[in-house]
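Structural description and commentary
The residues making up each chain are set out below.
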Amino acid sequence: MQSVNKEKALVVFSGGQDSTTCLYWAKQRFREVWALTFSYGQKHSAEVECARRIAHQAQVHWDTMDISFISQLSRNALTDTTINMDERQPQGGLPNTFVPGRNLFFLSVAAVYARERGINHIVTGVSQTDYSGYPDCRDAFIKSLNVTLNEGMEEQFILHTPLMWIDKCETWALADQLGVLDLVRHETLTCYNGIQGDGCGHCPACHLRREGLDRYLALKSAGHTFTF
Ligand code: ZN
């Protein structure tokens, strides 16, 4: 385990499996942790309430920011109730759950928010391994944006992506190592249909989450150990 960093960190926090794991990852490493939750016109406002509750329980500073203009910029299945979600990524295209610019806006707003509070570490739960076809979850995008934010604000932000190269199974293992497996399993909301914990069981987010959990629990009971 790394020693606690004396600096502060801001976690981009949705209240889902990935960002909750990142929240506890940050708590283990930084003296002071902040969590910022975005409301962007997602169909399930339960997400914001769920995030508030988890942040309170984790005893971190929590705030929410309304950037719902992004739902007016494009049509996608996460913000438009008239579109049914793709069960999986269509061949040769992006899934209709992709919200163009989402991570660009999230991280840009987070950086300005962090700068105002003297925070230069920003943590996001994006993963290239399980990126569901979203280009703004890839490492190249994050590295490029990190340079852009630093250039644009004359700052030395460090974007941390603890989940970038691990899959859902390993993300469960990391949560377990951080001592929050049950909390992540029962308190978080990842489901596209807005159902907390194990979710609806049939949306793409539930499939990915369940498949990873089953694999992790099987490996754990077989005595497999994970190192991070
Ligand atoms: Zn679901």
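Described in the following lines is the structure provided in the data block. (Residues numbered from 1 in each chain as written. Predicted model: local features only at pLDDT ≥ 70, side-chain atom pairs only at ≥ 80, totals over all residues. Heavy atoms only, no water.)

Remarks on the overall build of the protein
When helices and strands are tallied, the protein shows eight helices and five strands. For the protein, the succession of helices and strands along the chain, N to C, is β-α-β-α-β-α-α-β-α-β-α-α-α. In terms of overall dimensions, the protein is globule-like: its C-alpha atoms have a radius of gyration of 17 Å, near the 17 Å expected for 228 residues. Projected onto its principal axes, the C-alpha positions of the protein cover 45 × 45 × 30 Å. Scored against the burial criterion, the 228 residues of the protein give a buried share of 49%. Within the protein, counting contacts between residues at least 6 apart in sequence, those at least 24 apart form 71% of the total. (Helix = DSSP H or I, 4+ residues; strand = E, 2+ residues; numbered from the N terminus. Rg over C-alpha atoms; globule rule 2.2 N^0.38 Å. Buried < 20%, exposed > 50% of the residue type's maximum accessible area, 1.4 Å probe, protein only. Contact = heavy atoms within 4.5 Å.)

Quick notes on the pairing of strand β2 (residues 30-39)
Within β2, seven of the 10 residues are buried, leaving the element largely enclosed by the surrounding structure. Both β2 and strand β3 (residues 61-66) contribute to a ladder of six bridges, which runs parallel. The partner of W34 across the bridge, within β3, is H61. (Pairing = 2+ DSSP bridges.)

Considering the packing of aromatic side chains
Within this structure, the stated rule accounts for five aromatic pairs. Relative to Y113, the ring of W34 lies with its centre 6.4 Å away and its plane at 70°, an arrangement referred to as edge-to-face. With W34 in strand β2 and Y113 in helix α4 (residues 102-116), this residue pair connects regions lying 79 residues apart in the sequence. Each of the two residues, W34 as well as Y113, counts as buried. Here the aromatic rings of F69 and F105 are separated by 5.3 Å at their centres, their planes lie at 80°, and the arrangement is edge-to-face. Here F105 lies in helix α4 and F69 lies in the loop between β3 and α3 (70-73), a separation of 36 residues in the sequence. (Phe/Tyr/Trp six-rings, centres within 6.5 Å; stacked < 30°, edge-to-face > 60°.)

Some words on helix α6 (residues 168-177)
Of all 10 residues making up α6, seven are buried, and the element is well covered by its neighbours. Within the span of α6, buried status applies to K168, C169, T171, W172, A173, L174 and A175. Buried residues belonging to α6 abut α1 (17-29), α7 (181-187) and α8 (204-221). Capping the start of α6 is the job of one residue whose side-chain oxygen sits 3.2 Å from the backbone nitrogen of C169: D167. (Polar contact = N/O pair within 3.5 Å; in protein donor to acceptor, adjacent residues only side chain to side chain.)

Things to note about α8
Every α-helix winds through 3.6 residues per turn, so residues three or four apart in the chain are directed the same way. Its 18 residues place the ends of α8 26 Å apart at the C-alpha level, agreeing with the 26 Å of an ideal helix rising 1.5 Å per residue. All of the buried residues in α8 are P204, A205, C206, R209, G212, L213 and Y216. Buried residues in α8 make contact with α1, α6 and α7. G223 sits one or two positions beyond α8 and adopts a positive phi of about 85°. (Expected span 1.5 Å × (residues − 1).)

Quick word on the coordination of the zinc ion
Protein ligation of the zinc ion involves C191 (SG), C200 (SG), C203 (SG) and C206 (SG), the donor distances falling in the range 2.3 to 2.4 Å. Each of the four donor atoms around the zinc ion contributes to a set of angles spanning 104 to 115°, which defines the coordination as tetrahedral. All donors to the zinc ion come from one chain, and their sequence spacing reads C-x8-C-x2-C-x2-C. Within this pair, whereas C191 is found in the loop between α7 and α8, its partner C203 is found in the loop between α7 and α8, the two being separated by 12 residues in sequence. Of the two residues, C191 and C203, both sit in the buried class. (Donors = N, O, S within 2.8 Å, 3.2 Å for Na, K, Ca; no water. Tetrahedral: all angles 85-135°; square planar, octahedral: opposite > 155°, others 65-115°.)

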